[in-house]
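# Topology and contacts: notes
The chain contents come next:
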Amino acid sequence: DMTTALGTAPLGSPVLTASGCSAFGQELEPFVDLAGLGAVVTKSVQLRPRSGRPTPRMAETPSGMLNSIGLQGPGIEGLLAGELPWLAQRGVPAFVSIAGTRVEDFAELAARLRGVPGVLGLEVNISCPNVESRGEVFACDPVAASEVVSAVRAAADPAQPVYAKLSPDVTDIVSVARAVSEAGADGLSMINTLLGLVIDPDTMKPVLGGVTGGLSGPAVRPVAVRCVWQVHAALPEVPILGMGGIRTGLDALQFVLAGASAVSVGTAVFHDPSATARVHRELAEALAARGFSSLREAVGYAHR
Ligand code: DHB
């Protein structure tokens, strides 16, 4: 039994896309049965369309990838008119990632998504690294993070769970997790990318137009598993959507054993666009091989 939930929202599969890596799901359609995913977690949407940061916006590293997209996207109007109906027509649940620079932006986005067909819930991206200053990263401060989450929870559809996406770039992720959970978060998405920088030895300048970027892929996996572990140990009742460098079912299993009740696959889809379906299959096999008859039994097992 691979069923699970995001807070109050039931999921047929514990494997989701990760925000930002599969846009709004359309590009994956030739490779996977989108309706078989737990949900498509959409690229973060803002109130207005944005063109993003200067190019280049991606740099490969030995075990991961650095990006500085800068929240490029269609804006909420575009999403409501185009991508969300496209997913709903296909019966693909959408977990919509929202982003903004002010608390009110997040609240307005949540209000606009109330009752929209197919919108299972909201992932609140308070941890985008590609902003002008670190002061704008709400997730690096428990008070700022809670303000966003409580405004979103108040504005959002009560039937839509609100997950806060946390940054690993903090000294104590448990204090941020506790703060947002007290502010009303129904769950936590962990982790967003780590802030990184790559310098080209030939030009002797930063590779990315935006200078710094978010590191993702296998390089960050142990950091992500550690974050999930610490937060689940401190707050065992808070549901966790785990992500960070998941490429295989055994990678996903680590997140589940650490305390995640669902996982997102992001960077891996660039090399293998059917990775989500493969991870689902491999995770199911790995759980069965270890004697679990359901995913739920395995959640947090490493702590027991
Ligand atoms: C962007 C947002 C993120 O949350 C992230 O981890 C990386 C990039 C962006 O749109 O720039």
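Up top you'll find the structure we're talking about.
Described in the following lines is the structure provided in the data block. Quick caveat: nothing in here was measured; it's all calculated off a predicted structure.

### As for the overall build of the chain
Scanning the chain from terminus to terminus reveals 8 helices and 16 strands. Its C-alpha atoms give the chain principal-axis dimensions of about 55 × 45 × 40 Å. By the burial criterion, 58% of the 304 residues in the chain qualify as buried. Look at the contacts in the chain between residues 6 or more apart in sequence, and 71% of them connect residues 24 or more apart.

### Digging into the site of the ligand
For the ligand, the full set of nearby residues is Lys43, Asn67, Ile69, Gly70, Leu71, Asn125, Cys128, Pro129, Asn130, Asn192 and Thr193. In this structure, glycine 70 approaches the ligand through a main-chain N or O atom, which is 2.4 Å from an oxygen atom. Within the backbone of leucine 71, one N or O atom sits 2.6 Å away from an oxygen atom of the ligand. Relative to its free-state accessible area of 290 Å², the ligand is covered by the protein chains to the extent of 92%. For the ligand, the cavity whose grid points lie within 2 Å of the majority of its atoms is the largest pocket. Classifying every residue of the shell around the ligand by side-chain character gives 4 nonpolar, 6 polar and 1 charged.

### Some words on the sheet that holds strand S14 (residues 212-216)
Strand order in the open sheet formed by 4 strands is S5-S6-S14-S11, with antiparallel pairing between adjacent strands. Bordering the open sheet on either side are strand S5 (58-61) and strand S11 (194-197), each of which pairs with just one other strand. Sheet twist, expressed as the average angle between the axes of neighbouring strands with direction ignored, equals 35 degrees. When S11 meets S14, the two strands line up antiparallel, connected through 4 bridges. Pairing of leucine 197 across the sheet is with threonine 212, part of S14.

### Regarding a nonpolar patch on the surface
Where nonpolar side chains cluster on the molecular surface, the patch consists of Leu197, Ile199 and Val211 and spans about 260 Å² of accessible area. Along the chain, valine 211 falls in the loop between strand S13 (205-206) and S14. For valine 211, a relative accessible area of 39% puts it in the partly exposed group.

### Quick word on the packing of helix H6 (residues 249-258) against helix H7 (residues 275-289)
At their nearest, the axes of H6 and H7 sit 8 Å apart, and the two run at 65 degrees to each other. Like other packed secondary-structure pairs, H6 and H7 cross with a definite hand, here right-handed. Of the residues in H7, those touching H6 at Gly249, Leu250, Ala252, Leu253 and Val256 are Val279, Glu282, Leu283, Ala286 and Leu287. Here the contact of H6 with H7 is built from residues that sort into 8 nonpolar, 1 polar and 1 charged.

### Examining unusual backbone geometry
Along the chain, threonine 55 connects to proline 56 via a cis peptide bond; the corresponding omega equals -10 degrees. Summarising the element assignment, proline 56 is placed in the loop between strand S4 (40-41) and S5. One non-glycine residue, alanine 23, adopts positive backbone phi at about 50 degrees. Residue placement: alanine 23 occurs in the loop between strand S3 (15-17) and S4.

### Here we look at helix H5 (residues 221-234)
The end-to-end C-alpha separation of H5 is 20 Å, in line with the 20 Å expected for 14 residues at 1.5 Å each. At its buried positions, H5 is contacted by helix H4 (173-182), strand S10 (187-190), strand S15 (240-242) and H6.

Conventions and cut-offs
- All chains use their own residue numbering, which begins from 1 and follows the written sequence.
- Under the rules for a predicted model, residues below a pLDDT of 70 receive no local features and side-chain atom pairs below 80 are neither given nor counted, while totals for whole chains, interfaces and linings still include all residues.
- For the side-chain quantities, the full set of heavy atoms in the structure was used; hydrogens and water were omitted.
- Put simply, DSSP marks the helices as runs of H or I at least four residues long and the strands as runs of E at least two long, and each gets a number from the N terminus on.
- When accessible area is computed with a 1.4 Å probe and restricted to protein chains, residues below 20% of their type maximum are described as buried, those above 50% as exposed, and intermediate ones as partly exposed.
- The criterion used for residue contact is that any of the two residues' heavy atoms lie within 4.5 Å.
- If even one non-hydrogen atom of a residue comes within 4 Å of a molecule or strand, that residue is called near it.
- Within 3.5 Å is the distance limit for a polar contact, defined as a pair of N or O atoms, with the added protein rule that one can donate a hydrogen and the other accept it, and that residues adjacent in sequence qualify only through two side-chain atoms.
- Methods summary: accessible areas were calculated by the Shrake-Rupley approach with a probe of 1.4 Å, and residue burial reflects only the protein chains presented.
- Cavities and pockets are defined on a 1 Å grid built over the protein atoms alone: a cavity is a set of grid points where a 1.4 Å probe fits but cannot escape, while a pocket is an open set with protein on both sides within 12 Å along at least five of seven lines, and lining residues are those with an atom within 4 Å of any such point.
- For this analysis, a molecule is said to be in a pocket or cavity if more than half of its atoms are within 2 Å of the grid points defining it.
- Amino acids are sorted into nonpolar (Ala, Val, Leu, Ile, Met, Phe, Trp, Tyr, Cys and Pro), charged (Asp, Glu, Lys and Arg) and polar (every other residue, Gly among them).
- Paired strands, in this sense, are two strands between which DSSP finds at least two bridges.
- Fitted lines through C-alpha atoms serve as axes, helices being fitted only where they are in contact, and the angles separating the N-to-C directions of these axes extend from 0 to 180 degrees.
- Each patch is assembled from residues with relative accessible area greater than 30% and no salt bridge, linking like charges that lie within 9 Å and nonpolar side chains (Val, Leu, Ile, Met, Phe, Trp, Tyr) that lie within 5 Å.
- Think of a salt bridge as a Lys or Arg side-chain nitrogen and an Asp or Glu carboxyl oxygen that are within 4 Å of each other.
- Note: crossing handedness is left-handed where the near helix turns anticlockwise from the far helix by less than a right angle, and right-handed where it turns clockwise.
- Take the residue count of a helix, subtract one, and multiply by 1.5 Å to get its expected span.

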